[in-house]
Amino acid sequence: MGIKGLTKLLADNAPKAMKEHKFESYFGRKIAIDASMSIYQFLIVVGRVGTDTLTNEAGEVTSHLQGMFTRTIRLLEAGIKPVYIFDGQPPELKKQELAKRFSKRADATEDLSEAREIGNKEDIEKFSKRTVKVTKQHNEDCKRLLRLMGVPVIEAPSEAEAQCAALCKSGQVYAVASEDMDSLTFGAPRFLRHLMDPSSRKVPVMEFEISKILEELNLIMDQFIDLCILSGCDYCESIRGIGGQTALKLIRQHGSIENILENINKERYQIPENWPYEQARELFKNPLVFSEKEHPEIKWGAPDEEGLITFLVNENGFNIDRVTKAIEKIKTAKNKSSQGRLESFFKPVANTSTPIKRKETSESAKETAIKKAKAAGGKKKK
DNA sequence: ACTCTGATTCAAGACGCG
DNA sequence: GTAATTGAATCAGAGT
DNA sequence: CGCGTCC
C-alpha cells in the first residue's frame, strides 16, 4: 500500500519538489530498483491470455524472465546502470497487514473458480491476475538472469525499499526508481517514478528530491515520517478521520505525533489501542539494511553469453536468435555508456544545443540517426 | 457549498510487423 | 511448511 | 497506430 495518498498530497502541497525529466537524461546514472514489484507485474501481465502465461517445456512460468530481460536491456541501452534490490524478511509489524492481504487473495481464488464454472472469460482473466504470487523460485530465476547479464544484484536483509534508500543516501547510486512511495519515507534523497513507463506510454519520469520536499513543506525528516504514518502506511493503522491533509495540518501545528495525541479531541478522533506508531517510526528511520561493507560490490560486468544461452534457450525455451541479438544489444550498450562516461560530464538535464566536442561527433551522429527513426507527427489528443 | 476521508474498482510489459 | 501490490480514479457520505 | 507475439 505504500503511503496512502502521498503523491497527491505532495502534488498539492509541494509541487516544486517534483520535476519532470526525460528518460534520456539519466544516461550514465546508477539507479537502484526494487525487483519484487517488477516481477509481480511481469507475472500478472506478460504474455497472459486468460490463465495462460509464457512457459518453458516443463510448464514453468517464464513471463518474469521475459519481462526482466527486455526491460533491463532497455535500461542498459539508455546508458542507465541498474542495480536490482531483492526483498528479505518482512518486519514483524508488517505481518498483520500481510495477513489481511492473504484473506483477500483467498476471496479472489473463490471468485476465480466461480468464474470458471460460469465460463466468463473476462472474469477468469481478471481474477486469475489477483491470485498471482511471487515465489522464491521466481526471485532466484531473476537473480540468476541479472547476474548472467552482468547486472549487480543485492539481497536486502529486510525491506528492499529501505535498502534502495540506503544505497542512495550513501551515494552508491544516483537515485531510487520505484512506483512505491515508501522510498521517500525511508529517506531516499532522489526518487524516480515512471522510469519504466516511457517506452509504451508517453509519461515523463517524475523526479522527487526529499530535501526539496522537506523545504517546501517546512518540515524536518522526523516530521515527514510522522506525516506518512498518520496518512496511512503498511506498518500500523492510522487514526480514523485523519487523512493526508489533516495530518499535514496537525504536524505543522504540533510538530510530532506525541504532541498531536496530547492536543486533539479524543472524542472526535478514536486513537487505536496499543498503537505502535513509535515502532513504525523506528522502521522508517532506522530500517534493517546492509552497509556498503556488508553487501557485495556493485559492479557492472560483461554478459556471460554462454550462460545466457544455456539458461534462456536451453532451460527456458527462448528463441536463440532473439537471445543472441539481445546479447549484442547489451554489449553495444555497454561500450557506448562506458565511453560516454569517460569523455564528458553529464548534467541532469540533457540539452541538445550544447556544442559537441570532436571525439564525440561520430557517436552522437549515430545516436541522432537512431532517434530520428522514432520521429512521428505526434499530435496530442484532439 | 466545500473539504476530506474511505470504500470500490481497475489496470498493470515490451516488441515488431503491416 | 514459504506467499502475502499498488496507486489512480471515482463516488458516496460525513464533517465543517 | 493496432494488434499479435514473446515462451
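Here the structure is a predicted model, which means the values were calculated and not measured.

What counts and how
Residues numbered from 1 in each chain as written. Chains lettered and ligands numbered in written order. Predicted model: local features only at pLDDT ≥ 70, side-chain atom pairs only at ≥ 80, totals over all residues. Heavy atoms only, no water. Domains from an automatic or database assignment. Contact = heavy atoms within 4.5 Å. Buried area = accessible area lost by both parts, 1.4 Å probe. Salt bridge = Lys/Arg side-chain N within 4 Å of Asp/Glu carboxyl O. Polar contact = N/O pair within 3.5 Å; in protein donor to acceptor, adjacent residues only side chain to side chain. Phe/Tyr/Trp six-rings, centres within 6.5 Å; stacked < 30°, edge-to-face > 60°. Helix = DSSP H or I, 4+ residues; strand = E, 2+ residues; numbered from the N terminus. Buried < 20%, exposed > 50% of the residue type's maximum accessible area, 1.4 Å probe, protein only. Lys NZ or Arg CZ within 6 Å of the ring centre and 35° of its normal. Expected span 1.5 Å × (residues − 1).

Novice: Describe the domain arrangement of chain A, and please don't skip the residues or the numbers.
Specialist: According to the domain assignment, chain A consists of domain 1 (23-203 + 312-340) and domain 2 (219-285). Just the C-alpha atoms count here: the centres of domain 1 and domain 2 sit 32 Å apart. With eleven residues of domain 1 in contact, the opposing surface of domain 2 contributes eleven residues. Across the domain 1 to domain 2 interface the summed buried area is about 1100 Å²; carbon plus sulfur atoms make up 61%. Per-residue buried area on domain 1 facing domain 2 is highest for Leu-93, Thr-185 and Phe-186; these three make up 56% of the total on that side. Connecting domain 1 to domain 2 are two salt bridges. For the salt bridge of Asp-234 with Arg-101, the shortest nitrogen-to-oxygen distance reads 3.2 Å. On inspection of domain 1 and its partner domain 2, the count reaches two residue pairs in polar contact (both at pLDDT 80 or more).

Novice: An account of the packing of aromatic side chains is needed here, citing residue identities and associated values.
Specialist: In the structure shown here, the tally under the stated rule is four aromatic pairs. Between Tyr-235 and Phe-284, the aromatic rings sit 5.1 Å apart at their centres with planes inclined by 50°, giving tilted as the arrangement. In this pair, Tyr-235 is assigned in the loop between helix 10 (221-231) and helix 11 (244-254) and Phe-284 in helix 13 (residues 277-285), connecting sequence segments 49 residues apart. Judged by its relative accessible area of 2%, Phe-284 is buried. Aromatic rings pair up to connect Phe-186, Tyr-235 and Phe-284 into one cluster. The aromatic ring of Trp-300 is capped on one face by Lys-81, whose charged end is 5.1 Å from the ring centroid. Over the ring of Tyr-269 we find Arg-268, and its NZ or CZ is 4.4 Å from the ring centre.

Novice: Tell me about helix 3 (residues 63-77), residues and numbers included.
Specialist: Count 3.6 residues to each turn of an α-helix, and residues three or four apart come out pointing the same way. With 15 residues, helix 3 ought to run about 21 Å at 1.5 Å a step, and its terminal C-alpha atoms sit 21 Å apart, in line with that. Most of helix 3 is tucked away: eleven of the 15 residues are buried. Of all the residues in helix 3, the buried ones are Ser-63, His-64, Leu-65, Gly-67, Met-68, Phe-69, Arg-71, Thr-72, Ile-73, Leu-75 and Leu-76. Just downstream of helix 3 lies Gly-79, where phi reads positive at about 80°.

Novice: I'd like a rundown of the pattern of salt bridges, residues and numbers included.
Specialist: One pass over the full model with this rule turns up 19 salt bridges. Linking Lys-95 and Glu-92 is a salt bridge whose minimum nitrogen-to-oxygen distance equals 3.0 Å. Note that Glu-315 and Arg-144 form a salt bridge whose closest N and O atoms lie 3.0 Å from each other. Remark: Arg-144 occurs in helix 6 (residues 136-149) and Glu-315 occurs in helix 14 (residues 305-315); sequence separation between them is 171 residues. Arg-144 sits in the partly exposed class, given a relative accessible area of 36%. Within the structure, one salt-bridge network assembled from shared partners comprises Lys-94, Arg-101, Glu-159 and Asp-234.

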